[in-house]
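Here is how the chains run, residue by residue.
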Amino acid sequence: MSNDKTIDPDRWVEEHGDIMYRYAYVRLKDHAVAQDIVQESFLAAMKARERYQGRASERSWLMGILRHKLIDHLRKAAREVKMDDLQPEGFEETFLFKETGIPHWQPPKWHFNPRRVFEQKEFWDVFSGCVSKLDRKMNIAFSLKELEGLSTEEVCKELGVEPTYLWVILYRARNNLKTCLEKNWLNKNTGKREAHAAV
Amino acid sequence: MLRCKQVSKALADKKYWELPLRQRIGLRLHVFCCIVCGPFNRFLMLMQDATRHYLQHEQQDTPPDDLRLPPESKKSILDALHSTDRNDHGQE
């Protein structure tokens, strides 16, 4: 089945460009590379447009192409990045880790209930900003394992680290993400309240 | 009865909803009762839930202004697409 909707590049870029760009930028932390990958994905889609059967939505199809390109890029970036300065400081030898498999007993407490804001679009805008602000190494590990769902073995292979090391990187990434979410979400709401009070 | 280390290992490897139902029930029970690994693993499960919600929103919601494709990038992508389109038609 040929689908006329699939061969209009202007509409593609207008309807899906921003979503694809955010997807790429959050995981790559680089505007120029994100733009290149989005462009490559659109070009690949143009070349493969005859094969698009319309079974998946157009966005899912385009996002699938983008995801493949992005994972390839992240794999390469993972091999190039040095993990030395994230040494887990001998936590593997601690009694807590040996007994429970966790590096710290108490995670940081929340100052608001995050589940209550899961339905608010603005919270996810803050979330995407915070993922893109993670340290490059944490961002790569978090993107491959948590966002793209690669297995522990695959991510460890790409990063050249042991699983315990990956757990610590991800633990730190989650903590940093939580700190960033809290700071930015509370700031955003304080700003809103102040603006409301000033009216 | 599951041990803390088994629960932590399972949650470190997989999202909790990807685990088999039986394992999930035992795991939830352990995480919500355990005073040692409970706080840590509840935090981990919350962040897994947050990530799942984020992935759904990411493909639907319009991004905020600072995470949109800049107009000059749109133009450059469109130029590349039109030029490929012309070449493809030229070859037919």
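What counts and how
- Residues numbered from 1 in each chain as written.
- Chains lettered and ligands numbered in written order.
- Predicted model: local features only at pLDDT ≥ 70, side-chain atom pairs only at ≥ 80, totals over all residues.
- Helix = DSSP H or I, 4+ residues; strand = E, 2+ residues; numbered from the N terminus.
- Buried ≥ 20, exposed ≤ 12 C-beta atoms within 10 Å, placed from the backbone.
- Contact = placed C-beta atoms within 7 Å.
- Rg over C-alpha atoms; globule rule 2.2 N^0.38 Å.
- Domains from an automatic or database assignment.
- Nonpolar A, V, L, I, M, F, W, Y, C, P; charged D, E, K, R; others polar.
- Expected span 1.5 Å × (residues − 1).
- Core = buried A, V, L, I, M, F, W, Y, C linked by C-beta atoms within 7 Å.
- Bend = angle between axes of the 7 residues up to and from the residue.
- Axes fitted to C-alpha atoms, helices over the stretch in contact; angles between N-to-C directions.
- Parallel < 35°, antiparallel > 145°, perpendicular 65-115°, else oblique.
- Left-handed = near helix turned anticlockwise from the far one by under 90°.

## A short note on the overall build of chain A
Each helix and strand in chain A was counted, giving 8 helices and 0 strands. For chain A, the N- to C-terminal ordering of α and β elements is α-α-α-α-α-α-α-α. Buried positions account for 37% of the 199 residues belonging to chain A. Taking the intrachain contacts of chain A between residues at least 6 apart in sequence as the baseline, contacts between residues at least 24 apart amount to 73%.

## With respect to the overall build of chain B
The number of helices and strands found in chain B is 4 helices and 0 strands. Mapped in sequence order, the helices and strands of chain B form the string α-α-α-α. The C-alpha atoms of chain B give a radius of gyration of 23 Å, which is well past the 12 Å a tight globule of 92 residues would have. Along the first, second and third principal axes, the C-alpha set of chain B runs to 70 × 35 × 20 Å. Counting over 92 residues, chain B shows a buried share of 18%.

## Thoughts on the domain arrangement of chain A
Residue and element names in this part refer to chain A. If you check the domain split of chain A, you get domain 1 (4-80) and domain 2 (84-198). No other element matches helix α3 (residues 58-80), which puts 6 residues into the side of domain 1 that touches domain 2. Residues belonging to the side of domain 1 that touches domain 2 are distributed by class as follows: 6 nonpolar, no polar and 5 charged.

## Quick look at the interface of chain B and chain A
Across the boundary between the two partners, chain B contributes 37 residues, which contact 38 residues of chain A. Mapped onto the side of chain B that touches chain A, the elements with two or more residues apiece are α1 (4-13), α3 (38-58) and α4 (71-91) of chain B. Here the side of chain B that touches chain A gets 12 residues from one element, more than from any other, and that element is α3(B). For the side of chain B that touches chain A, the residue count by class is 20 nonpolar, 9 polar and 8 charged.

## Here we look at α3(A)
Residues and elements named next belong to chain A. Here α3 is 23 residues long and its end C-alpha atoms lie 34 Å apart, about the 33 Å a rise of 1.5 Å per residue gives. Residues W61, L62, M63, L66, L70, L74, A77 and A78 constitute the buried set of α3. Its buried side turned inward, α3 meets α1 (9-28), α2 (31-47), α6 (136-147) and α7 (152-159).

## Let's talk about the nonpolar core
Formed by 53 residues in total, the largest nonpolar core has its most connected members in M20(A), A24(A), V38(A), L66(A) and A141(A). Residue assignment for this core shows that the elements contributing at least two residues are α1, α2, α3, α5 (121-133), α6, α7 and α8 (163-198) of chain A together with α4 of chain B. Residue-level mapping places this core at the junction of two domains, with at least three residues from each of domain 1 (4-80) and domain 2 (84-198) of chain A. Contacts of A141(A), omitting those with residues within four sequence positions, involve V155(A), L159(A), L166(A), I169(A), L170(A) and A173(A). Judged by nonpolar contacts, the second largest core, of 11 residues, contains C4(B), V7(B), L11(B) and C37(B).

## Side note on α1(A)
All names here are of chain A. An ideal rise of 1.5 Å per residue puts 28 Å on 20 residues; α1 reaches only 24 Å between its terminal C-alpha atoms. Considering bend angle alone, the principal kink of α1 is centred on H16 and spans about 55°. In terms of residue burial, α1 counts as a mostly covered element, since 15 of its 20 residues are buried.

## As for unusual backbone geometry
Residues and elements named next belong to chain A. We note that K29 has phi near 60°; this positive angle belongs to a residue other than glycine. Note on placement: K29 falls in the loop between α1 and α2. On the neighbour-count criterion, K29 (18 C-beta atoms within 10 Å) is partly exposed.

## A word on the packing of α1(A) against α3(A)
Residue and element names in this part refer to chain A. Where α1 contacts α3, the two axes come as close as 11 Å, and the packing angle between them is 20°. Judged by the angle between their axes, α1 and α3 are roughly parallel. Two packed elements cross with a definite hand, and for α1 against α3 that hand is right-handed. Between α1, through H16, M20, Y23, A24, R27 and L28, and α3, the contact on the second element is made entirely by R59, L62, M63, L66, L70, H73 and L74.

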